Amino acid sequence: MKLEKQSVVIAGGGSTYTAGIVMMLIENQDKFPLRKLKFYDNDKERQDIVAKACEVIVKERAPEIEFLATTDPEEAFTDIDFVMAHIRVGGLAMREKDEKIPLKYGVLGQETCGPGGMAYGMRSIPGVVELIDYMEKYSPDAWMLNYSNPAAIVAEATRRMRPNAKIINICDMPVAIKKSIADIVGLESESDIVDRYYGLNHFGWWTEMTDKQGNDLMPKLKEHVAKYGYAAAEGEGNPLLEETSWMDTFQKVKDVYAVDPTTVPNTYLKYYLYPDYVVAHADPNYTRANEVMDNREKNVFAECERIAAAQTAEDTTIEAGEHAEFIVQLAGALAYNTYERMLLIVKNEGAIANLDDDAMVEVPCIVSKRGYEPLCMGKIPHFQKGMIEQQVAVEKLVVDAFEEKSYQKLWQAMTLSKTVPSAAVAKQILDEMIEANGDWWPELN
């Protein structure tokens with residue numbers, strides 16, 4: 001059957017991940033053929049670096065695809081079927097502040113967790129809502145696949161502020177973890193794993209994993225995780241683990257797992273269960289933002305500039321990103337009715353039976369032309385329920401603070417977070433973050 005060709009706009013065209021998404025889209029023309037590919041970003045200078053290289057890549061590898069990079073919303077969002085959104089409002093400069101300000105007060109600094117995640121969320125909400133509005137104005141039948149962080153706060157905001165929007169909030173972290181798990185249990189690909197999982201974005205647990213023949217993978221996996229976390233026993237496997245900070249995160253899973261050995265956890269739970277460990281092992285002068293700027297950003301942009309200058313990408317080091325594969329799979333299911341089973345961030349509505357219906361949870365869903373249908377995970381234990389309810393309240397309070405321009409609600413959110421030791425410390429961090437974010441945030445009363 002011949003598949004209908006799609007038109008896609010990548011919102012966040014200047015991201016270091018964009019070129020990898022383009023490579024993945026080109027490599028999957030048999031599964032998700034494109035007629036048009038556009039980039040949109042409000043930072044023209046940054047987008048141009050990536051776009052000039054990607055124009056060469058598209059011309060060489062898929063010349064039938066029409067390519068365009070623009071900063072004009074009407075031009076970008078007209079005649080499109082999918083918006084693939086990964087914007088970073090404030091850029092890496094603001095991420096650095098998100099990470100370093102909490103560390104001054106003995107609190108972990110992290111992109112999506114704790115006060116840093118809340119600060120980022122306050123900046124991200126208007127940016128993502130703006131993209132939805134552009135999409136609905138110029139291509140009202142399109143879908144937005146949003147993987148802009150912090151995904152949990154953004155998902156709660158879009159649920160409230162644009163309740164009828166055709167947006168699906170997604171995260172590639174479970175995919176990255178499952179790549180390591182596939183290595184551990186001896187499977188060729190993470191797509192060979194059938195899982196049951198519940199929680200929030202960056203805050204969840206697997207309860208079951210089988211292969212496609214129904215063989216239970218959990219005993220072998222748990223035995224490995226108890227010793228090594230998700231890191232390979234001899235250091236091979238997931239390329240993500242070549243970075244020191246990620247290797248530590250994957251290894252720390254063994255301690256997170258020890259808290260509840262009936263499940264296996266998302267890596268990000270280390271920030272909530274071992275925040276003192278994270279702070280003790282952090283360098284307040286050199287955080288993950290610095291690592292990204294000095295390595296990934298520098299390397300990707302240098303390669304993009306080399307391709308643009310040479311006018312060939314024949315020997316490029318840019319590879320299809322693993323999170324791009326997830327996006328292509330999701331878009332294909334929506335476009336071609338393939339009924340994929342995927343982890344998505346969706347309104348609970350009974351998926352976790354003993355959790356509020358309006359919580360934005362991360363659970364397996366069946367994806368088709370109808371959209372997504374969450375699978376029921378049943379009732380969850382007191383430990384996970386208590387942790388999830390606390391974190392849901394934090395996320396809801398952040399969105400309250402944004403909508404109501406409320407200093408009080410944002411202080412409450414930071415105070416309630418498991419990563420912050422007291423209301424006094426929360427207030428110190430909040431006051432400095434208000435100053436640091438300036439016009440990026442609404443003025444709080």
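Quick notes on the rules
- Residues numbered from 1 in each chain as written.
- Predicted model: local features only at pLDDT ≥ 70, side-chain atom pairs only at ≥ 80, totals over all residues.
- Heavy atoms only, no water.
- UniProt positions renumbered as here; feature names shortened; annotations may be inferred.
- Helix = DSSP H or I, 4+ residues; strand = E, 2+ residues; numbered from the N terminus.
- 1 Å grid on protein atoms, 1.4 Å probe; cavity = no way out; pocket = protein on both sides within 12 Å on 5 of 7 lines; lining within 4 Å.
- Points joined across faces, edges and corners; volume = space filled by probe spheres on them.
- Phe/Tyr/Trp six-rings, centres within 6.5 Å; stacked < 30°, edge-to-face > 60°.
- Buried < 20%, exposed > 50% of the residue type's maximum accessible area, 1.4 Å probe, protein only.
- Lys NZ or Arg CZ within 6 Å of the ring centre and 35° of its normal.
- Salt bridge = Lys/Arg side-chain N within 4 Å of Asp/Glu carboxyl O.
- Axes fitted to C-alpha atoms, helices over the stretch in contact; angles between N-to-C directions.
- Parallel < 35°, antiparallel > 145°, perpendicular 65-115°, else oblique.
- Left-handed = near helix turned anticlockwise from the far one by under 90°.
- Contact = heavy atoms within 4.5 Å.
- Nonpolar A, V, L, I, M, F, W, Y, C, P; charged D, E, K, R; others polar.
- Polar contact = N/O pair within 3.5 Å; in protein donor to acceptor, adjacent residues only side chain to side chain.

- Naming follows an unreviewed UniProt entry, where the protein chain appears as 6-phospho-alpha-glucosidase of Candidatus Enterococcus murrayae.
- For the protein chain, the Sequence similarities (unreviewed entry) comment in UniProt is given as "Belongs to the glycosyl hydrolase 4 family."

1. Considerations on the UniProt feature "transmembrane region" (unreviewed entry) in the protein chain
In step 1: This chain's UniProt record puts "transmembrane region" (unreviewed entry) on residues 7-26.
In step 2: Annotation note: span residues 7-26, helix share 45%, strand share 25%, distance between end C-alpha atoms 13 Å.

2. Regarding the layout of surface pockets
In step 1: In this model, the second largest pocket occupies a volume close to 660 Å³.
In step 2: For the second largest pocket, the lining is made up of 25 residues, of which Ser191, Gln329, Glu340, Arg341 and Met342 are closest to its centre.
In step 3: Sorting the residues of the lining of the second largest pocket by element identifies α7 (173-185), β7 (193-200), α13 (322-336) and β10 (340-347) as the ones contributing at least two each.
In step 4: Looking at the lining of the second largest pocket, the element that brings in the most residues is α13, giving seven residues.

3. Considering the packing of aromatic side chains
In step 1: As enumerated under the stated definition, the model contains 15 aromatic pairs in all.
In step 2: Ring geometry for Phe39 against Phe67: centres 5.0 Å apart, planes inclined by 85 degrees, an arrangement best described as edge-to-face. Linking Phe39 in strand β2 (residues 34-40) with Phe67 in strand β3 (residues 66-70), this pair joins segments that are 28 residues apart in sequence.
In step 3: Its relative accessible area of 18% is what places Phe67 among the buried residues.
In step 4: Ring centres 5.5 Å apart and planes at 45 degrees place the aromatic pair Phe77 and Tyr134 in the tilted group. A residue pair is termed long-range when its members are at least 10 positions apart, and Phe77 in helix α3 (residues 73-77) and Tyr134 in helix α5 (residues 114-138) qualify at 57 residues.
In step 5: Site record: aromatic cluster; members linked through ring pairs are Tyr230, Trp246, Phe250, Tyr268 and Tyr271.
In step 6: The ring of Trp411 carries Lys427 above its face, with NZ or CZ at 5.9 Å from the centroid.

4. Focus on the pattern of salt bridges
In step 1: Tallied over the full model, the rule gives 31 salt bridges.
In step 2: Here Arg162 and Asp133 are joined by a salt bridge, their closest N and O atoms 2.7 Å apart. Taken together, the residues Arg162 in the loop between α6 (151-161) and β6 (167-169) and Asp133 in helix α5 connect sequence positions 29 residues apart.
In step 3: Looking at Arg162, the relative accessible area reads 28%, which means it is partly exposed.

5. Things to note about the packing of α5 against helix α14 (residues 382-404)
In step 1: Between α5 and α14, the least distance of the axes is 10 Å, while the angle of their chain directions is 50 degrees. Taken together, the axes of α5 and α14 are oblique relative to one another. Regarding α5 and α14, the two cross each other, and that crossing is right-handed. Between α5, through Met118, Met122, Ile125 and Pro126, and α14, the contact on the second element is made entirely by Val394, Val398, Val399, Ala401 and Phe402.
In step 2: For the contact of α5 with α14, the class distribution of residues is nine nonpolar, no polar and no charged.

6. Quick notes on the side chain of Asn28
In step 1: Within the secondary structure, Asn28 sits in the loop between α1 (18-27) and β2.
In step 2: Overall, the relative accessible area of 11% leaves Asn28 in the buried class.
In step 3: Here Met24 takes part through its backbone oxygen, which lies 2.8 Å from a polar atom of the side chain of Asn28.
In step 4: Apart from the residues within four sequence positions on either side, Asn28 is in contact with Pro33 and Val328.

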